Amino acid sequence: MPLRRSAPTRREILEQCVALGSLPVVAASPARAMLDAFEQHEREYHRPTPPNELGPFYKKNAPVTSMFRVPGDPGIPLVVSGQVFNTRGDQLTGAVVEIWQTDHLGHYDLDGYRYRGKIALDKTAAYKLDSVMPGHYPDRVCQHVHFAVTAPGHKPLVTQLYFATDPVFEGDPDRNFKRDPLIHSRELVRPVMLVGDPDQIQAAVRFELCLEIL
Ligand SMILES: [Fe+2]
């Protein structure tokens, strides 16, 4: 009975493509160097999302919702979207993303669950949160949104999202992100796209979440 060979790795597939000429390789970039660069990129892409403090304002039993914003809410509308995957690149369809933040003035809802919710991911492993840009509050330097992500077979992730447009960074988050002593990683400060008409502007942010396998 013939031995069954395990599935080829991505590198083996790429090597075959190079050998067969179906993947063009420029002369200045030898195939091996290109493959090494590809693998380096893959490793970086699948790096776990840096953790960040839970903070004192987490509340259990948040409702299942991805719509924090209700008609009439003041503040800049904010949409945060992304996908949840693991360090192998698998989409985590069974993940649950819990999110909490302040209102636009920097107030947490301690009595109820405004601006708090959890999202159970479907087969796309994608989430989309409709909210408002959180405000600053006295104990924290930067605007932020808290995330707690769980998925079977994976290490839970607790982290925070920051905004490159935060006035604290004075337009230069690369240089100034450490002004908030809780921001340990520049990766958590994300670009903000402002979209829509001037009188109905909306902030849009991508925040992919990558979990470690247990
Ligand atoms: Fe907070």
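All figures in this text were calculated on a predicted structure; none of them were measured in a lab.

**A few points about the pairing of strand β5 (residues 145–150)**
Burial runs high along β5: five of the six residues are buried. Taken together, the five bridges between strand β2 (residues 96–100) and β5 define a ladder with antiparallel strand orientation. Paired with Trp-100 across the two strands is His-146, which belongs to β5. In terms of strand pairing, β5 meets strand β6 (residues 157–163) through five bridges, oriented antiparallel. Within the sheet, the bridge partner assigned to Phe-147 lies in β6 and is Thr-159. A loop of six residues connects β5 with β6, the two strands running antiparallel in sequence, and Gly-153 in this loop sits at a positive phi of about 80°.

**Quick word on the environment of Asp-103**
Turning to its location among the elements, Asp-103 is positioned in the loop between β2 and β3 (116–120). Among the residues examined, Asp-103 registers a relative accessible area of 18% and is labelled buried. With 28 residues separating them in the primary sequence, Asp-103 and Gly-75 have C-alpha atoms 8.0 Å apart. Residues in contact with Asp-103, not counting those within four places in the same chain, are Tyr-115, Met-133, Pro-134 and Gly-135.

What counts as what
- Along each chain, residues carry numbers from 1 onward, in the same order as the chain's sequence is written.
- Local features in this predicted model are restricted to residues whose pLDDT is 70 or higher, and side-chain atom pairs enter the listing and the counts only when it is 80 or higher, whereas totals over whole chains, interfaces and linings include all residues.
- For side-chain calculations, the full set of non-hydrogen atoms in the structure is used, while hydrogens and water are omitted.
- For every residue, the accessible area obtained with a 1.4 Å probe (protein chains only) is divided by the maximum for its type, and the residue is called buried under 20%, exposed over 50%, and partly exposed between those limits.
- Strands are runs of DSSP state E lasting at least two residues, helices are runs of H or I lasting at least four, and both sets are numbered from the N terminus onward.
- When DSSP finds at least two bridges between two strands, those strands are taken to pair.
- Contacts: residue pairs with any heavy atoms within 4.5 Å of one another.

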